[in-house]
Structure formats: C-alpha cells, structure tokens
Amino acid sequence: MFEEASEVFENMFKSSFPLTFIVFLPAVLILVSPLPAEAAHEFTVYRMQQYDLQGQPYGTRNAILNTEARTVEAEVLSRRCVLLRLADFSYEKYQKALRQSAGAVVIILPKNMSTMPQDIVQQFMEMEPELLATETIVPVYFALEDDELLSIYKQTQTSSTSQGSSSAAEVLLHTATANGFQMVSSGAQSKAVSDWVITSLEGRLAGVGGEDLPTIVLVAHYDSFGVAPWLSYGADSNGSGVSVLLELARLFSRLYTYKRTHAGYNLLFFVSGGGKFNYQGTKRWLEDNLDHTDSSLLQDNVAFVLCLDTLGSGDGLHLHVSKPPKEGSPQYALLRELEAVAASQYPDVKFSMVHKKINLADDTLAWEHERFGIRRLPAFTLSHLESHRHALRGSIMDMRSVSPSLDGAGEVTAGPHVDLKKLSRNTKLIAEALARVVYNLTEKGAPEDLQIFTEQMQVQEEQLSSVVDWLTAQPRAAQLVDKDSSLVSTLEYYLARYLKDVKRHYVKADKRDPEFVFYDQLKQTMTAYRVKPAIFDLLLAVCIAAYLGVMYLAVQNFGILYNTLRRVTQPKAAKQH
C-alpha cells in the first residue's frame, strides 16, 4: 500500500514543479506566519514655527514625514526620523541630524515640565531662538511624552546604539531581530495661509474738564510665541501684561465713575495682536489713527504711551525708553512717580530706566514702545526684564508652572512662571504711579507713601489669577487666533465691562508685498508603525528558499527516501515480533 502511494506521489511531483510549489507553499506560510501585529501608536505632534517676516523665511519649511525612526546615537541618520528627548537635547545633536540630511526630527517633551531640572529648561529656552534663526527643509516636530512613546524611544535607542558593536555578527543578528518603527505624519505639505487677519482691541475712558485733554495710552499685546505655535502659552510674555492692563482698566473705570475722582486725562487702552511679529497690530492701529482719519486721540495731546510686557515675576522693574524724557514733561512725571512709589512703598523692588535707541536696521523691533517712537509719540515699555533679548520672551517654557499641591504658596517647581504675589505687587505699583500722574498728587503736596488703591479699591489678586489662568489655558500664537476666536471675543467682553467705545481693529498682510506670511499644518497626528528591518525580510526570504529547495529535493527523490526509511525501520519491526 505504501509502495503504491510512494509511486503516485513521486510521479505526480516529478511531472509538475508548479504543483509542488502550490502544495507546499501554504505549509511554508503557516510555518513562517508572523506573530500577531501590535496596534500602531498614534500621538499628536506640533510642528516648529514656519513663517515669513519682512520677506525673510524662518523655521521649518516641510511638513511631510514617512521614514524609519532612529535616535541620534545611530551612525547613519540620513533619511531617518531622529528622536530626541528634551533631557538629552543639545544644539550639537540637533545640528548633527541636519548635517546628515535627516528625514525629520521629533523632540519629545515631558508632559509635566516641573520634572525637568532648571538648568535643562533654561538651556532649551536659550536655544529656541537659534532653532528659528534660519530656515530648514527638515520637518521638525515636538511631541508630549507618554508611556507608549517612551517605549518606542527606548527600543529605537537600543537599536541605534547596537550599530556601534565591535562584532559584525552581533550587529547583523540584532539588526535582524530588532523591532523598528516607521513614523508617518497625517497631514499634507504646508502651504501659506492667505488672508489671515490679526485682531486688536481698543477701549477708552474719557476725561473731564475740556476738549483738548491729554491722553495716556496703555498697551499690551496678547499673543504668545515659541518654537512651536501650538505649545506657546506665554504666561509671563505676555499674559501678565494683559492681566495688568485689564486690572488697570477695572480700577480706573471705578475712579472715573464718580465725579469727584473723574480726572482730566483721557485713558486709551489697546490690546494688540501680532506683537510677536514685529507688532503688526500696533503698526496698523497707528496708521489708521494717524494717517487715515482726521479725528483721533492719538493725533491730539498724547501725554505718553505705557506698554506693559512681562510683569509676572522678578524683583526689579525696568522702564525701557528710546529717548530719555525731559524734565517737566508728562513722561518725566511718570518716571519720577514710578521711582517714588517703588522707593517709598516697595523698597524691595529695584527700579531703573533702561535707554536703548531704536535700531531700524534690525529685522524686528526690541520693544512695543518703539512702534510709537517711530511715529514721534512719547512711549516706554515697563518690564521686569532688563533686556529685550531675554529668552523668556519667546519660549514654549513660559507656562503657568506653579505646583498645585502648595495651596497658593506660589513656589515654583521648575522653569519660568508667573508669581502671583509679584504680579499683584507690580500692578499696584503701576496703578499708584499712574494715579499720582493723573491726579497730579506730587504737585499738590501729597506724601509719597499715600496709597490710593486700598480696601474696596485694592488690586484684586483673584482677578489677576483668573485672567492669567484663562490666558494660559490655550496657546495664543498669532497663527492660531483668528478674528472669530473665543479668545478675542472674551477679551472684548472684559474690556466692554469697564471701558467705553470698545472696538476691533484688523490687519491683513498685503498680497503684493506681505510683511508677514503664516503657514498651516502646525498640528498633526503621527503614527508609529512597528516594522521589521529590511535585513529581516532578506533573511526570511533565504530561509523560505532553502526550505522550498529541501522539500523539492525530497519530493523528487521520494522513492529513495521512502526505501531508506523502510530499511531503517524494518529491523526494529522484526525485533518487536
């Protein structure tokens, strides 16, 4: 019976090689079928800034990503997606990826920045301007770390570091058995956003006593800036400035409500947009008021313009000026009152005036008051920062990073922050100095330690806190805040509670010669697919070919094989009998 079967199989397989292939291939596929695939991991990524300013491109110019992951330890990074953790990040490693023409760079940030040492946070803040200084064609993304992403990073790092092993056999074996990850972005190539509108808001408190009253202008820009727009929360720069402006509006609106305390100054409040892009909102507002209308408070008697910027921390206050004020002028009166209030009521505050001329050769202006200075309006910027080059003014690390477990103690866990006590102190100092100017208290002989904003008129720390919390609950990059944004609507509502004639001002880039151009695809979903390296496919193909070859030879010589097996097994069968 077995002899007949062997002859049938032998003749069948000898006559048709395709039939041999068809019969044995399913068995091979069953034997070498892969293990069940793990689900791909999806996570949100935030692309580096991409914009043009004054015709100069900045940031990354690409958005598409579909390449295998590596860490910077790998010897070859060309056309690979380089994963970098913030804890291990350095500008040299970043440049290494760019020099080797990496396919992309993904920088992994911790979800809780308070876990990062202060020196690492400060180092990254100082590198952000360098990352944006020049354009790059390599897509650069930022991602927030989770357990799955951390696992992907560690596996990729293990795979990357094994390439430096001394034994070629070890490298080959590890390469064949290691897991790889293919990183794929979901979005399309970035393109310029046409007709983007930047919105600014204006409101006023009219003075009493005549038609040609002097006007004091209070300004703060509301937008934030950082290396990645969707991660730019701008707590101190300039959420603190906006919160101070809104609190000043509340305080002086109460004073202007009563006839007895209604002063002879117009107070004009301006919340500007596009501040981080060379103060585009302020520029257009000045053009509208000075060039395109016959009646404007800015055309008449402007006492001074006070810009509020980064006031949420520090032990100092610096009045930045482009031209030192002359004695006897309203600007000099403000300087004198700020010095007097700081010395008499807040001796721990180090107040100073910082003089810097406007440099029109620079691509961007240093401070917002320079926009007014260019139009011959007396202006200053008040900030706790002594230099406009401070990294805090354009960093994704500028967050509301106070530990909630401290129950309002205001202690900082890591990184830049808004200190509510110091923000409240600075607000009261500014309010007292402004009130002394508006009511001419020094000339009337009022003592320097006289406090106006006390008891029911005191600065509300809870109000400041709620505004800062609300502003920092959302990224406020100029590319993300359009005219229909809830942020703009809520700011408008806040201003309308305290001020009169609140209205919006819009700025749109010129189509022929745009001063600024924004781009889309700033937030995407990235998928990490688990894949085997190409060497694994090659080895698998060799194994399959060898298996098929052995099976083919066995089938072709089935009779010989059968007889051999029969001779081996027959003596055993005879012994059993």
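Above this text you will find the structure in question.
Definitions and cut-offs
- Residues numbered from 1 in each chain as written.
- Predicted model: local features only at pLDDT ≥ 70, side-chain atom pairs only at ≥ 80, totals over all residues.
- Heavy atoms only, no water.
- Pairing = 2+ DSSP bridges.
- Helix = DSSP H or I, 4+ residues; strand = E, 2+ residues; numbered from the N terminus.
- Axes fitted to C-alpha atoms, helices over the stretch in contact; angles between N-to-C directions.
- Contact = heavy atoms within 4.5 Å.
- Parallel < 35°, antiparallel > 145°, perpendicular 65-115°, else oblique.
- Left-handed = near helix turned anticlockwise from the far one by under 90°.
- Core = buried A, V, L, I, M, F, W, Y, C linked by side-chain atoms within 4.5 Å.
- Buried < 20%, exposed > 50% of the residue type's maximum accessible area, 1.4 Å probe, protein only.
- Phe/Tyr/Trp six-rings, centres within 6.5 Å; stacked < 30°, edge-to-face > 60°.
- Lys NZ or Arg CZ within 6 Å of the ring centre and 35° of its normal.
- Right-handed = clockwise from strand over helix to strand, strands pointing away.
- Expected span 1.5 Å × (residues − 1).
- Nonpolar A, V, L, I, M, F, W, Y, C, P; charged D, E, K, R; others polar.

Participant: What is the right way to look at the sheet that holds strand β13 (residues 316–321) in this model?
Facilitator: With respect to topology, 8 strands assemble into an open sheet ordered β14-β13-β15-β12-β10-β11-β9-β16, the strand pairing being mixed. If you trace the sheet from one side to the other, it starts and ends with β14 (350–355) and β16 (500–508), each paired once. The sheet shows a mean angle of 20 degrees between the axes of neighbouring strands, direction not considered. The sheet contact formed by strand β10 (residues 215–221) and strand β12 (residues 302–308) spans 5 bridges and is parallel. Pairing of T215 across the sheet is with V302, part of β12. Most of the contacts of helix α9 (residues 330–345) go to β12, to which it runs at about 45 degrees, and overall it touches β12, β13, β14 and β15 (379–383).

Participant: Can you walk me through the packing of helix α12 (residues 461–471) against helix α13 (residues 486–498) in this structure?
Facilitator: Relative placement of two packed helices is described by the angle separating their axes and the distance separating the axes. Axis separation between α12 and α13 bottoms out at 12 Å; the angle between their running directions is 160 degrees. Taken together, the axes of α12 and α13 lie roughly antiparallel to each other. For α12 against α13, the interelement crossing comes out left-handed. Of α13, the residues touching α12 (which contributes Q463, V467, W470 and L471) are L487, T490, L491, Y494 and Y498.

Participant: Mind showing me how you'd approach the sheet that holds strand β8 (residues 180–185) here?
Facilitator: Backbone hydrogen bonds hold the strands of a sheet together, and the pairing may be parallel or antiparallel. Here 7 strands make up a closed barrel; going around it, the order is β1-β7-β6-β5-β4-β8-β18 and the pairing mixed. Between one strand and the next, the sheet's axes are offset by a mean angle of 35 degrees, whatever the strand orientation. Bridge count for strand β4 (residues 66–71) against strand β5 (residues 81–85) is 3 bridges, and the pairing is parallel. Looking at the pairing, T71 lines up with L83 of β5.

Participant: Would you mind going over the nonpolar core with me for this structure?
Facilitator: Considering soluble globular proteins, one finds that nonpolar side chains tend to be buried as a cluster. The biggest cluster of nonpolar side chains holds 70 residues, and the ones touching the most others in it are I216, L248, F252, Y256 and L306. The element contributing the most residues to this core is helix α7 (residues 235–257), with 11 residues. Apart from the residues within four sequence positions on either side, L306 is in contact with V217, L218, V219, L319, L334, F380, L382 and I430. Listed in part, the 48 residues of the second largest apolar core include A102, M125, M397 and F518.

Participant: Help me out: how do you make sense of the side chain of T215 in this one?
Facilitator: On the secondary structure map, T215 appears in strand β10. With near-sequence residues (within four places) excluded, T215 lies in contact with N266, L268, L297, N301, V302, A303 and F304.

Participant: Can you help me understand the packing of aromatic side chains in this one?
Facilitator: Describing an aromatic ring pair means giving the distance of the ring centres and the angle of the ring planes. The full count for this structure, using the stated rule, is 16 aromatic pairs. With a centroid separation of 5.1 Å and an interplanar angle of 20 degrees, the aromatic rings of Y51 and Y58 are classed as stacked. Ring centres of Y51 and F277 lie 4.9 Å apart, and the angle between their planes is 90 degrees; on these two criteria the pair is classed as edge-to-face. Taken together, the residues span a long stretch of sequence, with Y51 in strand β2 (residues 50–53) and F277 in the loop between β11 (266–272) and α8 (280–290) at a distance of 226 residues. Site record: aromatic cluster; members linked through ring pairs are Y51, Y58, F225, F277, F516 and F518. Just above the ring of W367 sits the side chain of R393; from NZ or CZ to the centre is 4.1 Å. Lying over the aromatic face of W230, K523 brings its terminal NZ or CZ to 4.5 Å of the ring centre.

Participant: Sorry if this is basic, but what is going on with the pairing of β13 here?
Facilitator: Working note: regular strand, side chains alternate between the two faces of the sheet. Most of β13 is tucked away, with 6 of its 6 residues classed as buried. Of the strand pairs in this sheet, β13 and β14 are connected by 6 bridges, and their pairing is parallel. Looking across to β14, one finds that L317 is bridged to F351. Between β13 and its parallel partner β14, the chain crosses via α9, and the hand of that crossover is right-handed. Pairing analysis gives 4 bridges linking β13 to β15, with the strands arranged antiparallel. Paired with H318 across the two strands is S383, which belongs to β15.

Participant: What exactly am I supposed to notice about helix α4 (residues 118–133) here?
Facilitator: Residues separated by three or four positions in an α-helix point in the same direction, a consequence of the helix having 3.6 residues per turn. Given a rise of 1.5 Å per residue, 16 residues ought to cover 22 Å, and the 24 Å separating the end C-alpha atoms of α4 matches this to within 8%. Inspection of α4 places I120, V121, F124, M125, M127, E128, L131 and L132 among the buried residues, and these make up the whole buried set. In this structure, the buried side of α4 is in contact with β3 (56–59), α3 (91–99) and β7 (140–144).

Participant: How should I be thinking about the packing of α7 against helix α11 (residues 420–438) in this particular structure?
Facilitator: Relative to each other, α7 and α11 sit at 45 degrees, their axes nearing to 10 Å. Judged on the interaxial angle alone, α11 and α7 are oblique. α11 is crossed by α7, and the crossing has right-handed handedness. Contact with α7, carried on its side by S240, S243, V244, E247, L248, L251, F252 and Y256, involves L423, T427, I430, A431, L434, A435 and V438 of α11 and no other residues of that element. For the contact of α7 with α11, the residue count by class is 11 nonpolar, 3 polar and 1 charged.

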